[in-house]
Each structure stands twice: as C-alpha cells, then as structure tokens.
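# What the coordinates show
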Amino acid sequence: MISTDTVSPGVATKPLRAVGGFFALTLDTIVTLFTKPFAWREFLDQTWFIARVSLAPALLLAIPFTTFVVFILNILLIEIGAADLSGTAAALAAIQIGPIVDVLVVAGAGATAMCADLGARTIREELDAMRVMGINPVQALVVPRVLAGALVATLLFALVTLSGLAGCFVFSVYFQHVTPGAFVAGMTLIVGLGATVIAMVKALLYGITASLIACYKGITVGGGPQGVGNAVNETVIYAFMALFAIDVVMTAIDVKVNQG
C-alpha cells in the first residue's frame, strides 16, 4: 500500500531557508563592504590566489572555444565569398564566449577553493571563535573574497577575449588564408563599445555571484569533512545555474540597448 505520509514542514521549507540565507548574506556583504577597517591583506592574498589558479585554465579554454566556432563559420563564409567577415565572426564569438569561459574557470577553480577553505574553517569552529573575539567573519573573510572574485573575473575576461581573438587571427589568416587587413577591419562591424561593456558587466556579475555562492556554502556547511565535499560540489552546480540566469538577463539587456 502506498504511504500517504506528508512531507515534513522542515524538509519542505529547507530550500526556501537556503535561498533566504543566501540573500541575507548578500545584503550583509553589501552593508559590510562600507564598514571599516577593510581586510586589505586578505583581499590581496585572495586576488593573487584566484588569479593564480584561474589564469592558465582560462587562457587554455578560451582559444579552442573561440577558434572552433570561428573555424566552422569561416568555412561557410569562404564558400559564399564573404571571407572578409571572418573578423566580425571572431569578435562576436570572443565577446559572447569570453564571459562564459571566464565564469566556468572562476567557478570551477576559484569558487571551489573559497568554499573548501571557509568550510574547513567552519567545521573547525574558527568562525565561531572569531565571533567570540568580536570579529565579524563577513567583514574579515567574505567581503575580501567576493571583491577578489569580482576583480579577477573582470580582468580575466579581458585576457580571455584577447587570447581568443589572437587564436582566431592565427587560424583564420595562416590556416584559412583570410586577408589580415580584412580580418582586423571586420572586427568592429557588429561588436562595439556597448557590447563590450555588457560583456564586462556579465563577467563582473559572474564573479560576484560565484564568490557569494561559494562563501555562503562554506560558512553554512555541516556534517564534517563529507559536508565540505558536498558543499564544494553544490557550489559548482549553483554557480553554473546562476551563470545561465545572468546570461539570459544580460543578453536581453544587450539586445534592447544595442539593437533596440
């Protein structure tokens, strides 16, 4: 006989409490951001750490992602006699794929490291000890990590875009025999300042969101070392989900602003 037991209220409201806790941490982070003193040393350490673990994977991912798209498009453009538009395709691919590659690396490398670090501190009760000593963990640990993630994501976007364009140039000019001058001249036909700014804002929002998710999962972890591992996995999943939500919203804004 099928059981007709209802789901307990605690289980049913757990996701809602998690969402509320995340937005509460976000608000607390925004408020604490303007509270002195600022943890400059922690900010610099986290910036260097995230940049160090994210730079090489981001550059190695950007080149094949963008060049593959442009390589396929160039085949079509050459067939219809429009090879001069290869630079346009490269710029469009780099500006659209760049932020996605950026957040994949930041979420997969930087955010997971943040979550593991804060999770280990939580299960060792270091955060409780900080509160007893009158130190706000959000001010000392969360704010520097969120700002570091935002800064690195924005800077990585520029490097990812440049490396993607360089790879597209090499493949288009030296392998598909596109004229170098035509490639460079076509880069600004569709992609302008507005699209570039929107893409940079995307990267900034990706970095902030992934860092906030990592910090929230880290400081609310439970269940010992296994809980830390679960929190790290959930950080990656939730960061990717947030990526698509932000991408949809920002793409709609891009279309409205630049093409409306």
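A quick note: this is a predicted structure, and the numbers were derived from the prediction, not measured.

### Some thoughts on the side chain of Gln139
The residue Gln139 is located in helix H5 (residues 137–175) in this model. Gln139 sits in the buried class, given a relative accessible area of 18%. Apart from the residues lying within four places of it in its own chain, the contact partners of Gln139 are Thr32, Thr35, Lys36, Pro37, Ala39 and Pro144.

### Topic: the pattern of salt bridges
As enumerated under the stated definition, the model contains 8 salt bridges in all. In this structure, Arg121 engages Glu126 in a salt bridge whose closest nitrogen and oxygen atoms are separated by 3.8 Å. Between Lys217 and Glu234 there is a salt bridge, with the nearest N and O atoms lying 2.6 Å from each other. Separated by 17 residues along the polypeptide, Lys217 in helix H7 (residues 193–219) and Glu234 in helix H8 (residues 224–259) bring together distant segments of the chain. You can call Lys217 buried: its relative accessible area is 15%. Taken together, the shared-partner salt bridges in this structure form one network comprising Glu42, Asp117, Arg121, Arg124, Glu126 and Arg145.

### A few points about the state of the cysteines
Inspection of the entire model under this criterion finds 0 disulfides. Here Cys115 is not cross-linked by a disulfide; its sulfur's nearest cysteine counterpart is in Cys215, at 8.7 Å. We classify Cys115 as buried; its relative accessible area is 1%.

### Digging into helix H2 (residues 40–79)
Under the 1.5 Å per step criterion, the end-to-end length of H2 is 55 Å for 40 residues, consistent within 8% with the ideal 58 Å. The largest bend in H2 amounts to roughly 35° and is located at Ser54, with the proline Pro57 lying one to four residues further along. Following H2 by one or two positions, Gly81 adopts a phi angle in the positive range, close to 75°.

### Quick word on the nonpolar core
Inside soluble globular proteins, nonpolar side chains tend to come together where they are buried. With 47 residues, the main nonpolar core has Leu25, Ala90, Val142 and Cys215 as its most contacted residues. For this core, the secondary-structure elements that each account for two or more residues are helix H1 (9–33), H2, helix H3 (86–123), helix H4 (126–132), H5, H7 and H8. Apart from the residues within four sequence positions on either side, Cys215 is in contact with Leu25, Met114, Leu118, Val142, Arg145 and Val146. Among the nonpolar cores identified, the runner-up in size contains 7 residues, and Ala91, Ile95, Val191 and Ala195 belong to it.

Conventions we followed
- Residues numbered from 1 in each chain as written.
- Predicted model: local features only at pLDDT ≥ 70, side-chain atom pairs only at ≥ 80, totals over all residues.
- Heavy atoms only, no water.
- Helix = DSSP H or I, 4+ residues; strand = E, 2+ residues; numbered from the N terminus.
- Buried < 20%, exposed > 50% of the residue type's maximum accessible area, 1.4 Å probe, protein only.
- Contact = heavy atoms within 4.5 Å.
- Salt bridge = Lys/Arg side-chain N within 4 Å of Asp/Glu carboxyl O.
- Disulfide = S-S within 2.5 Å.
- Expected span 1.5 Å × (residues − 1).
- Bend = angle between axes of the 7 residues up to and from the residue.
- Core = buried A, V, L, I, M, F, W, Y, C linked by side-chain atoms within 4.5 Å.

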